[in-house]
Amino acid sequence: MAGVAPISAEALRAALAPTAGWLAGEAEQPPRTVLGAAVKTSARWLAQQVPGRSVEVRVPPFVAVQCVPGPRHTRGTPPNVVETDAATWLRMATGALTWAEAVAAGKVSASGNRADLSALLPLHPLRPSGPHRGQETSPA
């Protein structure tokens, strides 16, 4: 993401904060500009933290980013694509929904052998302390 200012953890949290009530089912959907800012900021934060061009993450109509190290595609549809809607993306990014739950519910389309984002979601600054939802703790 050359030429783009880095996104801080604080900016990420600030962009997502206005969507929290909606994602929890306690408020109306925020305005499109607010929703778009949350989706774009969170997807771009992921691309910033896991740079690469082997996976394209699409959250139409708001954003498409490339991330994850590995083979790079140069033309046409990339071999590794993740696509979902804004609400699902934000729920996975914040830890309200696990990758496995979203895939099982048909809320995520993931193609290609590198298109599994389970290890990257929820986004690190948004994870509760300890293992994130759906992750086992290691035995002591």
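Below you will find a few notes about this structure. The model shown is predicted, which means the values in this text are computed figures rather than measured ones. Starting afresh in each chain, residues are numbered from 1 along the sequence in its written order. In view of the model being predicted, local features appear only for residues whose pLDDT reaches at least 70, and side-chain atom pairs are presented and counted only at 80 or more, with totals across whole chains, interfaces and linings using the full set of residues. Side-chain metrics rest on all non-hydrogen atoms present in the structure, leaving aside hydrogens and water.

Moving on, we get to the pattern of salt bridges. Pairs may arise between side chains of opposite charge once their charged atoms sit close together. One side-chain nitrogen of Lys or Arg within 4 Å of one carboxyl oxygen of Asp or Glu is enough to make a salt bridge. Enumeration over the complete set of coordinates arrives at 2 salt bridges. Residue Glu-56 is joined to Arg-58 by a salt bridge in which the shortest nitrogen-to-oxygen separation is 2.6 Å. Close ionic contact of Glu-83 with Arg-58 constitutes a salt bridge, the shortest N to O distance being 3.9 Å. Within this pair, whereas Glu-83 is found in strand β3 (residues 81–84), its partner Arg-58 is found in strand β1 (residues 55–59), the two being separated by 25 residues in sequence. Burial classification: accessible surface area is computed with a 1.4 Å probe over protein chains only, and a residue below 20% of its type maximum counts as buried, one above 50% as exposed, and the rest as partly exposed. Accessibility expressed as a relative area gives 30% for Glu-83, which makes it partly exposed. Among the charged side chains, a network of salt bridges with common partners joins Glu-56, Arg-58 and Glu-83. Here a helix means four or more residues in a row that DSSP labels H or I, a strand means two or more in a row labelled E, and each is numbered from the N terminus.

Note on geometry: axes are lines fitted to C-alpha atoms, helical ones only across the stretch in contact, with angles between N-to-C directions running from 0 to 180 degrees. Relative to each other, helix α3 (residues 32–49) and helix α4 (residues 86–94) sit at 50°, their axes nearing to 10 Å. Taken together, the axis directions place α3 and α4 in an arrangement best described as oblique. Here the hand of the crossing between α3 and α4 comes out left-handed. Residues Leu-35, Ala-38, Val-39, Ser-42, Ala-43 and Leu-46 of α3 pack against Ala-86, Trp-89, Leu-90 and Ala-93 of α4. Classifying every residue of the contact of α3 with α4 by side-chain character gives 9 nonpolar, 1 polar and no charged. Angle categories are assigned with fixed cut-offs, so that under 35 degrees is roughly parallel, over 145 is roughly antiparallel, 65 to 115 is roughly perpendicular, and the rest are oblique. Crossing handedness: left-handed means the near helix sits turned counterclockwise from the far one by under a right angle, and right-handed means the same turn made clockwise. Note on definitions: a residue-residue contact is assigned when non-hydrogen atoms from the two residues lie within 4.5 Å. The residue classification treats Ala, Val, Leu, Ile, Met, Phe, Trp, Tyr, Cys and Pro as nonpolar and Asp, Glu, Lys and Arg as charged. All others, Gly included, are polar.

Before going further, it helps to examine the side chain of Ser-54. In this structure, Ser-54 sits in the loop between α3 and β1. Using a relative accessible area of 1% as the deciding quantity, one classes Ser-54 as buried. In the analysis that follows, any N or O atom pair within 3.5 Å is treated as a polar contact, provided that within protein one partner can donate a hydrogen and the other can accept it, and provided that, for residues neighboring in sequence, both atoms belong to side chains. A distance of 3.2 Å separates a polar side-chain atom of Ser-54 from the backbone oxygen of Pro-69.

The buried fraction of β1 amounts to 4 of the 5 residues, a majority that puts the element mostly inside the structure. Pairs of strands are assigned from DSSP output, requiring at least two bridges between the strands. Two elements, β1 and strand β2 (residues 63–67), share 5 bridges in a ladder whose sense is antiparallel. When the bridges of β2 are listed, Arg-58 appears paired with Ala-64. Two successive antiparallel strands, β1 and β2, enclose a turn made up of 3 residues. By the bridge criterion, 3 bridges tie β1 to β3 in an arrangement that is parallel. Each bridged residue has a counterpart across the sheet, and for Val-57 the counterpart in β3 is Val-82.

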